Amino acid sequence: MSQTKPIEISKQEVEEAYKRVKANKGSAGIDHQSLQDFEIDKSNNLYKLWNRMSSGSYIPPPVLRVEIPKGDGEIRKLGIPTITDRIAQMVVKQRIEPELEQHFHPNSYGYRPNKSALEAVALTRERCWKRAWVLDMDIKGFFDEINHKLLMQAVNKHVQEKWMKRYIERWLKAPVQHRDEQPKLRDKGTPQGGVISPLLANLYLHYVFDTWVEKHWIGIQFERYADDIVCHCASEQEAQQLKIKLEQRFIDCGLTLHPKKTKIAYCKSSSKRGNHPQVSFDFLGHTFKPRLCKNKQGKFFVAFTPAIS
């Protein structure tokens, strides 16, 4: 550990962060430097990054904006940091993630160690059998709409070191830039594609949604994978009331539920009576809907189950 730098970051931490970034692969940022380019002078590049981070002088460069068409005709906006910046973000992420993991909700599955989308799908399947109604939610442009002030309040609650909070704030404010265009300043959002962004996004929704639902809607079960959320309700009326309350909750926190992708579905099966126009929903690449199944005795029945979309 350096004894002459104001911030205690070891060179080994930076080296480990580099190894994780390299394992994740990914393309070049706004400086066009690829992982292969970075490795040509790896030792010197890592030393310069360590020197700037440990002295408090590290300023993140603009984030490259890349727009990818989605299957529904919309655009997914990705923000790709430079290789050096991804390593810097990984240094801080490795420091704060263990602390945040102690507080995150067990039904939050996205971008977390030892959690998977398939586990979330399996739990959703099990709960759909027990409760007949689902509120399926999607937050419109979630990563680009996160309120910086509210997010930093959550960061300040869990992160004690001033230098980490300072760097996180710099990453939030780092401008975005299309290739060959001027960088544009941001006053909200965290780039989808940044190393630390998923962790910050989970922290934001931990307070906007997870803890809020537990406090104000006791008994509601949910699964959340980043901004993709499913809530299980005992009745259609409960689902409708929850939807109204959550729409306002998200608005109060700078977010908007997607009007077309947010819906109430009836988990229809052989054991459940009644009709509803919406008897299916999509969650994590799986479509949940009534399907004809066969039991061990060879008899057919209708079960509300998932299959890959």
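Criteria and cut-off values
Residues numbered from 1 in each chain as written. Predicted model: local features only at pLDDT ≥ 70, side-chain atom pairs only at ≥ 80, totals over all residues. Heavy atoms only, no water. Helix = DSSP H or I, 4+ residues; strand = E, 2+ residues; numbered from the N terminus. Buried < 20%, exposed > 50% of the residue type's maximum accessible area, 1.4 Å probe, protein only. Polar contact = N/O pair within 3.5 Å; in protein donor to acceptor, adjacent residues only side chain to side chain. Contact = heavy atoms within 4.5 Å. Pairing = 2+ DSSP bridges. Axes fitted to C-alpha atoms, helices over the stretch in contact; angles between N-to-C directions. Core = buried A, V, L, I, M, F, W, Y, C linked by side-chain atoms within 4.5 Å. Phe/Tyr/Trp six-rings, centres within 6.5 Å; stacked < 30°, edge-to-face > 60°. Lys NZ or Arg CZ within 6 Å of the ring centre and 35° of its normal. Patch = residues over 30% accessible without salt bridge, like charges linked within 9 Å, V, L, I, M, F, W, Y side chains within 5 Å. Areas by Shrake-Rupley, 256 points an atom, 1.4 Å probe, with all protein chains shown as cover. Salt bridge = Lys/Arg side-chain N within 4 Å of Asp/Glu carboxyl O. Expected span 1.5 Å × (residues − 1). Left-handed = near helix turned anticlockwise from the far one by under 90°. Nonpolar A, V, L, I, M, F, W, Y, C, P; charged D, E, K, R; others polar.

> Requested: an account of the side chain of His258, with residues and values cited.
Inspection of the secondary structure puts His258 in the loop between α10 (236–252) and β7 (263–266). Assessed through its relative accessible area of 6%, His258 is described here as buried. A polar contact of 3.3 Å, which involves the side chain of His258, links it to the backbone nitrogen of Lys261. Excluding residues that lie within four positions of it along the chain, His258 makes contacts with Glu74, Asp138, Ile139 and Lys140.

> Outline the sheet that holds strand β9 (residues 286–294), supporting the account with residue identities and numerical values.
With antiparallel pairing, three strands are arranged side by side in an open sheet as β8-β9-β10. Two strands bound the open sheet, and with one partner strand each, they are β8 (281–283) and β10 (300–308). The sheet shows a mean angle of 50 degrees between the axes of neighbouring strands, taken without regard to direction. Of the strand pairs in this sheet, β9 and β10 are connected by nine bridges, and their pairing is antiparallel. Counterpart to Leu292 in the pairing with β10 is Val302.

> Explain the nonpolar core to me, using residue names and the numbers behind them.
Ranked by size, the top nonpolar core spans 68 residues in total, and within it Met53, Ile87, Ile168 and Phe250 carry the most contacts. No other element matches the ten residues that helix α9 (residues 197–216) contributes to this core. Sequence-distant contacts of Met53, that is, excluding residues within four places in its chain, are made with Ile7, Ile9, Tyr58, Ala88, Val91, Val92, Trp163 and Tyr167.

> Got a sec to walk through the sheet that holds β7? Specific residues and values, please.
The strand order across the open sheet formed by four strands is β5-β6-β3-β7, and the pairing between neighbours is antiparallel. The open sheet terminates on both sides in strands that have one partner only, identified here as β5 (221–225) and β7. Across the sheet, the mean angle separating the axes of adjacent strands is 20 degrees when strand polarity is ignored. One ladder, built from four bridges, connects strand β3 (residues 133–138) with β7; its direction is antiparallel. The residue of β7 that forms the bridge with Trp133 is Tyr266.

> Please set out the packing of aromatic side chains residue by residue, giving values where relevant.
The geometry of an aromatic ring pair is captured by two quantities: the separation of the ring centres and the angle between the planes. As enumerated under the stated definition, the model contains twelve aromatic pairs in all. Summarising the aromatic geometry, the rings of Tyr58 and Tyr167 are spaced 6.1 Å apart at their centres and angled 85 degrees between planes, so their arrangement reads as edge-to-face. Of this pair, Tyr58 sits in the loop between α3 (42–55) and β1 (63–69) while Tyr167 sits in helix α8 (residues 162–173); the two residues are 109 residues apart in sequence, bridging distant segments of the chain. With respect to burial, Tyr58 and Tyr167 carry one shared label: buried. Each residue in the set Tyr58, Trp163, Tyr167 and Trp171 is aromatic and connected to the rest through ring pairs, giving one cluster. A cation over an aromatic ring shows up here: Lys11 above the ring of Trp50, its NZ or CZ 4.7 Å from the ring centre.

> Describe the pairing of β1, with residues and values.
Sheet topology places β1 next to strand β4 (residues 176–177); two bridges connect them, and they run parallel. The partner of Leu64 across the bridge, within β4, is Gln177. The antiparallel pairing of β1 with strand β2 (residues 75–80) creates a hairpin that spans five residues between the two strands, and Gly73 there sits at a positive phi of about 90 degrees.

> Just give me the short version of a nonpolar patch on the surface, but keep the residues and values in it.
Side chains of Leu292, Phe300 and Val302 sit close together on the surface and give an oily, nonpolar patch of about 310 Å² of accessible area. Along the chain, Phe300 turns up in strand β10.

> Describe α8, naming the residues involved and giving the relevant values.
For α8, built from twelve residues, the straight-helix expectation of 16 Å at 1.5 Å per residue is met to within 8% by its first-to-last C-alpha distance of 17 Å. For α8, the full list of buried residues reads Trp163, Met164, Lys165, Tyr167, Ile168, Trp171 and Leu172. Close packing links the buried residues of α8 with α3, α4 (83–101), α7 (148–158) and α9.

> Outline the packing of α4 against α9, supporting the account with residue identities and numerical values.
Taken N-terminus to C-terminus, the directions of α4 and α9 make an angle of 35 degrees; their axes are 10 Å apart at the nearest point. At the point where α4 passes α9, the crossing takes the left-handed sense. Listed contacts from α9 to Gln89, Lys93, Ile96, Glu97 and Leu100 of α4 are Ser197, Leu199 and Leu203. Taken together, the residues of the contact of α4 with α9 sort by class into four nonpolar, two polar and two charged.

> Before we move on, can you summarise unusual backbone geometry with the specific residues and values?
A positive phi is found at His32, a non-glycine position, where the angle reads about 65 degrees. Mapped onto the fold, His32 is located in the loop between α1 (11–24) and α2 (35–40). For Leu284, which is not glycine, the phi torsion reads 55 degrees and is therefore positive. One can find Leu284 in the loop between β8 and β9.

Function-wise, these values are silent; they only describe arrangement.
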